[in-house]
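Coordinate inspection notes
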Amino acid sequence: MFNSCFFMEITLINSEHLSYESLPYGFGVIISALKKSNIKPFIIDYNFLRRFGNLEITFSTNEINKFLYSNILSERMIFFFEKISKEISTKIVCFSCFSFESLKQSLILAKYIKKLDSKKIIVFGGIGTFNHEHSLMKEFTFIDFIIMRKSEQQLCELINLLYENKDFSKISNLVYRNSNKHIRSNKLATYNIESQSSPDYDFYFDIKKDWDIQYMTSDGCVNKCAFCSLTDNSPIYKSTKKITTDLKYLKSKYNSKCFSFQDDNINTNHKRTIELMNSIKNTDIKWYALSSANLMTKKIIRAMSSAGCRWIQFGLESGSNNILKLMNKPVNLKRFVEVMKNCVEVNIKPQLNIIMGYPGETESDVDKTLSYLKDNRKHFSHVNCYL
């Protein structure tokens, strides 16, 4: 249960605009951690701005650059910023940047807010800032702090110390300017996924009730695909006890049996996957997950089905062995078909991801991918194509 007495307030902004409605897991974890630390977040999510009227919420690179580097605002920007800024009354404004695109959208709003009130404290974090923290702080002086990597506890600590006007220079994962205006990056702390808060989706369930609840049982992947940013992120796992406790809590709180696991790869370890499935089986939920076909076995597939898995997403990426080799993608095309068949036999619907236009791809490679999909059409439900 969350603390009901809040004595600190911030504005928390999710500028990741999606073409579909989906609960933001990482954002939900941040909200939960803040509430547990008696910090009340006033939430602005770019996917749910109906209360502001008919707003255009994404801007071209040209518009963004003109404002960031020449202080030229388009009429669309002025209208949008005026509407949003009226809702921001807190001293501290935090931006969650899930991608490079959301980072750009966050930068322009942060700059506008700082121009209106130079005393506002601007905090950035999220995947969109990874490995660019120092350069962002150097180039955009309106950013006061950046929290590196997954660091919801460090964010809470920073907010507490700012409210108490105390020294924050020892907080791990923090990038800041010291009294001499020099940028400092503190040591990274090891992330403890076991202590991760169960996500808080109250804001979203107040908007509508029929959500698939997002959750993560692990973080990281064992594969080393050339196109992926997770190649240096070895898997870390929550205990099955914590997972079942969280799932039962979320199922009860939000009255939903439908879950979407956001693990980078849910079956990175055979023994752990079987234990996880045996544990999830007792929660009586239906769910979807991302998985690696090369790590699949019949035993795992049957265990997943028994545990409530109804859809699974595989990264095929290409039907050309030449491109798979360039990608360092561990896919055996013949075995991939057998894995899909095994899934269908136990009522799990496979979904496939493919990448078109990968560097080095030829027309012949594209034809091989299309032929592979056509030949095996009855073994999957649909394809997600990334260009």
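Above this text sits the structure in question.
Residues numbered from 1 in each chain as written. Predicted model: local features only at pLDDT ≥ 70, side-chain atom pairs only at ≥ 80, totals over all residues. Heavy atoms only, no water.

As a further point, take the sheet that holds strand β15 (residues 382–386). Spatially, the six strands line up as an open sheet ordered β8-β11-β12-β13-β14-β15, and their pairing is parallel. What marks the edges here is a single partner per strand, and that holds for β8 (213–215) and β15. Going across the sheet, the axis of each strand differs from the next one's by a mean of 20 degrees, ignoring polarity. The pairing of strand β13 (residues 309–317) with strand β14 (residues 349–355) spans six bridges and is parallel. Counted as the bridge partner of F314 is L352 from β14. Across the sheet, helix α13 (residues 363–375) touches β13, β14 and β15, and the angle it forms with β14 is around 170 degrees. (Pairing = 2+ DSSP bridges. Helix = DSSP H or I, 4+ residues; strand = E, 2+ residues; numbered from the N terminus. Axes fitted to C-alpha atoms, helices over the stretch in contact; angles between N-to-C directions. Contact = heavy atoms within 4.5 Å.)

In this model, N131 sits at a positive phi of 70 degrees, which is unusual for a non-glycine residue. Positionally, N131 belongs in the loop between β4 (121–125) and α5 (133–139). Judged by relative accessible area, which is 61%, N131 ranks as exposed. You will see that N173, though not glycine, has its phi angle at about 65 degrees, which is positive. Among the structural elements, N173 can be located in the loop between α6 (152–163) and β6 (174–177). A residue is classified by how much of its surface remains accessible, and N173, at 1% relative accessible area, is buried. (Buried < 20%, exposed > 50% of the residue type's maximum accessible area, 1.4 Å probe, protein only.)

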